[in-house]
Structure formats: C-alpha cells, structure tokens
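Coordinate analysis (summary)
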Amino acid sequence: MDMQALRAEQLARASEVVRHDDFEVMPPRLIAGADVGFEQGGEVTRAALVILEYPSLTLIEHKVARIATTMPYIPGFLSFREYPALLAAWQMLEHQPDLLFVDGHGISHPRRLGVASHFGLLVDVPTIGVAKKRLCGKFEPLDAEPGALQPLNDKGEQLGWVWRSKKRCNPLFISTGHRVGMDSALHWVQQCMQGYRLPEPTRWADAVASGRPAFLRLQQG
C-alpha cells in the first residue's frame, strides 16, 4: 500500500471540496442516508443507502451492496476502504437524491477528506458528514441539555459542529461533506430529527444495514 500516494490523493481531493451551499433543488425533495459496515471479519464491505421524502421523512427506497473489501483498515484512510461499496449501492438506486447524509466525517478529518467528502465528490451531490465520534479537532465542553452546541476547531479553522441531539446521548459531529456550507449542514441535520440521536437519513441507513427491528417491521407492514 503506497501511503504517500494515498495521502497525496487525499490532499488533492480535499482541495476540490466545495464548502459552500451549491444545491440544485431547495428545499430538497429527496434526502439520502448512507451507512457502511464490515462483515466476515472485514472481508466484506456492506453499504446501505436509503432515500427519504422531505419533509415527511418517509422511507421510499433502500439498497444494500456487499462487495469484497479492497483495502485493509488504516486509520485516517477509511474512506478509501468504504467508498467502493457506497458506489455499488449508489448505482442500484432508482431515485437521485438532492442531498446526502453520510454516517462519517466530511472535512472534520486530519487531511479534510473523510468519507462524506470523498464520496460526495465522487457522486457530486450536496453531502453532509454526520459522525458519532471525533476524529480530529477540539471543542469546549457541551452542556448536558439537548441542543447544546460547540464549534469543532482544528489548526485555527472551524471544521464543523459538535451538537447534542438528545439528552443523555453523546453528541454528533456534523461537518460539510461537499457542496454544503457549515451552517447549512447543521440546519439540515436539525431539520431531519425525529426524537432519536441520529437524523432520520443515517438512522434508517443504519437500520437497513443492520436489519434492525424497526426496518423489519416496515418490510412486513
């Protein structure tokens, strides 16, 4: 694995990320959610994509792709491991979303290219990163109440927001993926909440990927 080449590619792609709003449809009619996991000890990459209608946030389409994993786990380079399965699932979709939420980081990455930015560039759709854990940067302690908010900063620049979406839950790390400004990223995540820790697009993507009871009930309904 040529780490130097991967690092150079990351930096080059990061410079292509559009960090301001560049929506073709506003408000979005369809919002996608993406989630990636690994099966069989990491040998298989599984990507789930869902499409929700906005503003009802009704699930209208879901696809899951499973492909052979093409790259080992290397911290800081996860997007290279995850995006091939995401592309496979994307090519299965019948609907084209106007906005995409990815379970993972956007520019809140040491080299400013998390999976939400990497994949957003590849499919050229406005994209937001919604991560469950910090990858880099620092933030002030959050209040315990839902709605508590702090900027995530690294090396003198703001990379995103740290937002407590639900009481007694760890905060989310929300960042620009591609073609979405920082304030808009936070706004659209907040618009897609329905009482859970995660916004509906990535919550449903996780449910589809994991075969969670809510999704199984919906299928049977």
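The rules we used
Residues numbered from 1 in each chain as written. Predicted model: local features only at pLDDT ≥ 70, side-chain atom pairs only at ≥ 80, totals over all residues. Heavy atoms only, no water. UniProt positions renumbered as here; feature names shortened; annotations may be inferred. Buried < 20%, exposed > 50% of the residue type's maximum accessible area, 1.4 Å probe, protein only. Helix = DSSP H or I, 4+ residues; strand = E, 2+ residues; numbered from the N terminus. Contact = heavy atoms within 4.5 Å. Core = buried A, V, L, I, M, F, W, Y, C linked by side-chain atoms within 4.5 Å. Polar contact = N/O pair within 3.5 Å; in protein donor to acceptor, adjacent residues only side chain to side chain. Pairing = 2+ DSSP bridges. Axes fitted to C-alpha atoms, helices over the stretch in contact; angles between N-to-C directions.

- The name given to the chain in an unreviewed UniProt entry is Endonuclease V, with Paramixta manurensis as the source organism.
- Recorded in UniProt under Sequence similarities (unreviewed entry), the annotation for the chain is "Belongs to the endonuclease V family."
- The UniProt entry for the chain carries the following comment under Function (unreviewed entry): "DNA repair enzyme involved in the repair of deaminated bases. Selectively cleaves double-stranded DNA at the second phosphodiester bond 3' to a deoxyinosine leaving behind the intact lesion on the nicked DNA."

**A word on helix α3 (residues 115–123)**
- Most of α3 is tucked away, with 8 of its 9 residues classed as buried.
- V115, A116, S117, H118, F119, G120, L121 and V123 are the residues of α3 that are buried.
- Buried-residue contacts for α3 involve α1 (3–14), α2 (78–90), β4 (99–103), β5 (127–131) and β8 (172–178).
- Just downstream of α3, D124 is the residue with a positive phi angle, here 55°.

**Details of the side chain of Q10**
- Locating Q10 in the fold gives a position in helix α1.
- Those residues in contact with Q10, other than ones at most four positions away along the chain, are G76, F77, F80, H109, R111 and L113.

**Focus on the nonpolar core**
- Counting 30 residues, the largest nonpolar core has L99, F101, I128, I174, W188 and V189 as the members making the most contacts within it.
- Going through the elements one at a time, β2 (44–53), β4, β5, β7 (157–163), β8, α4 (182–191) and α5 (200–210) are the ones with two or more residues in this core.
- Dropping the residues within four chain positions of it, F101 is found in contact with I31, A32, G33, A34, I128, V130, W188, V189, C192, P199, P201 and T202.
- Formed by 20 residues, the second largest nonpolar core is a distinct cluster that contains A65, A85, L93 and F119.

**Let's talk about the side chain of K63**
- As for its position among the elements, K63 is in strand β3 (residues 59–68).
- By relative accessible area, which is 18% here, K63 ends up buried.
- Reaching out from K63, the side chain makes a polar contact with the side chain of E61 at a distance of 3.3 Å.
- If near-sequence neighbours (up to four positions away) are discounted, K63 is found in contact with A47, A48, L49, A89, M92, L93 and E94.

**Points about unusual backbone geometry**
- In this model, M26 is joined to P27 through a cis peptide bond whose omega is -5°.
- The topology assignment puts P27 in the loop between α1 and β1 (30–39).
- Phi is positive for Q40, close to 55°, though the residue is something other than glycine.

**Remarks on the sheet that holds strand β6 (residues 149–154)**
- What the 8 strands build is an open sheet, ordered β3-β2-β1-β4-β5-β8-β7-β6; its pairing is mixed. The open sheet has two free edges, formed respectively by β3 and β6, since each of these has just one partner strand. When the angles between neighbouring strand axes are averaged without regard to direction, this sheet yields 25°.
- Strand direction decides the pairing type here: β1 and β4, joined by 4 bridges, are parallel. Each bridged residue has a counterpart across the sheet, and for A32 the counterpart in β4 is L100.
- Here α4 sits on the sheet and contacts β4, β5, β6, β7 and β8; the angle it forms with β7, its principal contact strand, is near 15°.

**Digging into the environment of M3**
- Positionally, M3 belongs in helix α1.
- For the pair M3 and I74, spaced 71 residues apart in sequence, the C-alpha to C-alpha distance is 9.5 Å.
- Setting aside residues no more than four positions away along its own chain, M3 makes contact with I74 and F77.

**Thoughts on the UniProt feature "site: Interaction with target DNA" (unreviewed entry) in the chain**
- Mapped onto this numbering, the UniProt entry gives "site: Interaction with target DNA" (unreviewed entry) at Y73.
- With respect to the element layout, Y73 can be found in the loop between β3 and α2.
- Other than its neighbours up to four places away in sequence, Y73 contacts L78 and R81.

**Observations concerning the pairing of β3**
- In terms of strand pairing, β2 meets β3 through 9 bridges, oriented antiparallel. Note that in β3 the partner of T45 across the bridge is I67.
- From the end of β2 to the start of β3, which pair antiparallel, there are 5 residues, and L57 there has a positive phi angle of about 60°.

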